[in-house]
Structures are given as C-alpha cells and as structure tokens.
Amino acid sequence: MNEQLKIEGLSKSFGRRPVLRSVSLKLEPGKVYGLLGRNGEGKTTLIRIIMGVIPRDRGVVSLKGLPVTFADAAYKKEIGYIPEDAFFYGWMTVGALLDFNARFFPKWDAVRAADDMKRFELDPKAKVRTLSRGQQLKLAFVVALAARPELLLLDDPTSGLDVPTRRDFLREVIRELAAGGTAILFATHLVHELERIVDHLFILHGGRIVLDETYEKVKGLARRVVLGFDGEAPDLPDLANVIGRRAIGRDLELIIYPWHEEDEKTLRALNPARLDIESLSLEDVFVSFVDRPVKAQEEVAHV
C-alpha cells in the first residue's frame, strides 16, 4: 500500500506527564484525515513531532517509506503546515515573504500563489505586521498551498477565519488538494469542521488513538438506542460495543459502536416497551468516545 506517512509506536512525555502513548497511524495520498481530540490531548504535539520541531521519546516516523529523524530537515520541503496561529516576520511585506519562502520549496508554484493572493484579497505590498489574524491565516494558506506539498498538516487553522473563507477553504481547497494527491491531516476539536470533507477519522484520547476508521464506516456503524420499560429496567447483557450509556427515568440510552444486526435481537430479548434506533452525528460519536474512561479504550475501535 502506498503510504505517504506512517507512524509506529510513537510516545512522548513532558517531564513525568505522558502526552502520547504508543500512537500508530498511516496516511495515504489523496485522502483527508481528521484528527479529533479535546484541547490538550496532544494533537499539536503529534504534528510538531512530524514536523521535526520537537523530538519523540520512542517510535518511528516514516515519510514515503523512509524513516525521518528530529535533526533531518530535507524531508520538510515535502510538507505544508498551517498552525492555528501563523508566525511570520512582521517587518516583511507579503510579497517579500512569498519570495523568501519560495527559496525553500523546489515545487513552489508562483502562479498558484498569485491566484490565491487574489482569492484571499491580500495586498503583496502590505507589511505582515499590519495584517489581522484572519489575514495572516490566509497568508499561511497561500504559503502552504504554493509549496505544492505531498503532505499537508493543519493544526486547527480555521478558528480565525470568517465564515465565507472557512467554507471556501474546507469545501474547495482541501478537496482540490486531495484530488491532486496530497495527503491531508486536519487536527481539530471542532467536529463540524470535518463533516463532508473527511475520508478517515482518528480520535486521540488519553494519549492513544481510540478510533481509527473510515468516515463512512463510522457513520454507518454508530447508533443511538433508547430502550423504554414499563417497570424497572432489567440488567443489560454484556455488550462490548457499548461506548456510552445513561438512564433517563425509565428509559435507557445506549451509544453503540460498531453496530451489528445481532445487537437488535439481543436488545429486543429484554422485552422493552419501546426500542428506538437512530444513526449518530459525528459530534455524538466523538463525545461518546472521549467521555469514556481511558481504561475502557485500551484497544482501538477498528472494524
């Protein structure tokens, strides 16, 4: 299988606090991967390790089949990176900044940069320090996309954008890049940002990847089940795929992933007065996974 990026057994601690625990994942060209996790779960740490900004404690990071090290800079010309807060030299003009970055990327596309400057309404003569936060993020998009990266890393970059630009970026730019063969890793805690654009989902919780599955399978195999009983609810059978539950009066709500047809037979055997089964939104799936105790998620939920 043609893997753009492969991570195996990656671990990182800061002092005595473990942040990443034996994380493994792989990205293929032309696909959009969502990395979901609460704030502070280690999404940025993972991306900075991939970028070579900070060293890892253990594990292997490979780009196109070749292991990369913390001190290796050559592979970075293949990677585009857009953080939540872009950093540029404020004394430069926008045009000079583009010329500066072009020297580091052999595949730099000046035509693309010029087109995106017009699309995002950026003035090449403006000083970077005069740009608003949203404008600096747009500039970061221009730089990253003009580099024609084979791997694009997005670290929650859309929070400072106006709605039209965010919609344009999510629905058009990302899909356009993926269609051209770029592998994209989009790290965020804003679940709605990933709906309609993502091909594959990772959920990071407790330092581990607790979900590693295609978006279509997650949407197709996650269910909310509500059982209503006239009297006291009976003891439930042991269902390993129940990732969330709560009692609501005499009703019992279950979040089940992955859902199997046999599960309905098992639940109907409890003779509920009411049994409602419905699909879940991506946000509901995410919340169910990160609300679980970490000990209940030692194994990745991968169908």
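To keep things clear, this report deals only with the structure shown in the data block. (Residues numbered from 1 in each chain as written. Predicted model: local features only at pLDDT ≥ 70, side-chain atom pairs only at ≥ 80, totals over all residues. Heavy atoms only, no water.)

**Comments concerning the overall build of the protein chain**
Move 1: Scanning the protein chain from N- to C-terminus turns up eight helices and 14 strands.
Move 2: Overall size of the protein chain, expressed as C-alpha extent along the three principal axes, is 75 × 40 × 35 Å.
Move 3: Per-residue burial over the protein chain gives 51% buried out of 303 residues.
Move 4: Long-range contacts, defined here as pairs at least 24 residues apart, represent 72% of the contacts in the protein chain between residues at least 6 apart.
Move 5: When the accessible area of the protein chain is evaluated, it comes to approximately 14900 Å², of which 50% is carbon and sulfur surface.
Move 6: Counting 44 positive and 45 negative side-chain charges, the protein chain places the averaged centre of each group 6 Å from the other. (Helix = DSSP H or I, 4+ residues; strand = E, 2+ residues; numbered from the N terminus. Buried < 20%, exposed > 50% of the residue type's maximum accessible area, 1.4 Å probe, protein only. Contact = heavy atoms within 4.5 Å. Areas by Shrake-Rupley, 256 points an atom, 1.4 Å probe, with all protein chains shown as cover. Lys, Arg positive; Asp, Glu negative; His and termini not counted. Charge placed at Lys NZ, Arg CZ, Asp CG, Glu CD.)

**Things to note about the sheet that holds strand β13 (residues 251-256)**
Move 1: The sheet built from four strands is open, its strands ordered β12-β13-β11-β14 with antiparallel pairing. The open sheet has two edge strands with one neighbour each: β12 (242-248) and β14 (274-279). Looking at each pair of strands side by side, their axes are set apart by 15 degrees on average, direction ignored.
Move 2: Of the strand pairs in this sheet, strand β11 (residues 223-228) and β14 are connected by six bridges, and their pairing is antiparallel. Bridge pairing in β14 places Gly-228 opposite Arg-274. (Pairing = 2+ DSSP bridges. Axes fitted to C-alpha atoms, helices over the stretch in contact; angles between N-to-C directions.)

**As for the environment of Val-191**
Move 1: As for its position among the elements, Val-191 is in the loop between β8 (183-188) and β9 (200-205).
Move 2: It is 9.6 Å that separates the C-alpha atoms of Val-191 and Val-287, two residues lying 96 residues apart in sequence.

**Things to note about the pattern of salt bridges**
Move 1: Enumeration over the complete set of coordinates arrives at 20 salt bridges.
Move 2: The closest approach of N and O atoms between Asp-116 and Arg-112, which form a salt bridge, is 3.0 Å. Of the two residues, Asp-116 and Arg-112 both sit in helix α3 (residues 110-119), four residues apart, roughly one turn of that helix. Side by side, Asp-116 and Arg-112 carry an identical accessibility label, which is buried.
Move 3: We note a salt bridge from Arg-112 to Glu-176, for which the minimum N-O separation is 2.9 Å. In this pair, Arg-112 is assigned in helix α3 and Glu-176 in helix α5 (residues 163-179), connecting sequence segments 64 residues apart. (Salt bridge = Lys/Arg side-chain N within 4 Å of Asp/Glu carboxyl O.)

**Some remarks on helix α4 (residues 133-146)**
Move 1: Given a rise of 1.5 Å per residue, 14 residues ought to cover 20 Å, and the 20 Å separating the end C-alpha atoms of α4 matches this to within 8%.
Move 2: Buried residues dominate α4, accounting for 12 of its 14 residues.
Move 3: When we look at burial in α4, the residues that qualify are Gly-134, Gln-136, Leu-137, Lys-138, Leu-139, Ala-140, Phe-141, Val-142, Val-143, Ala-144, Leu-145 and Ala-146.
Move 4: If you follow the buried residues of α4, they end up packed against β6 (79-82), α2 (94-102), α3, β7 (151-155) and α5.
Move 5: Trailing α4 by a residue or two, Arg-148 shows a phi angle of about 50 degrees, which is positive. (Expected span 1.5 Å × (residues − 1).)

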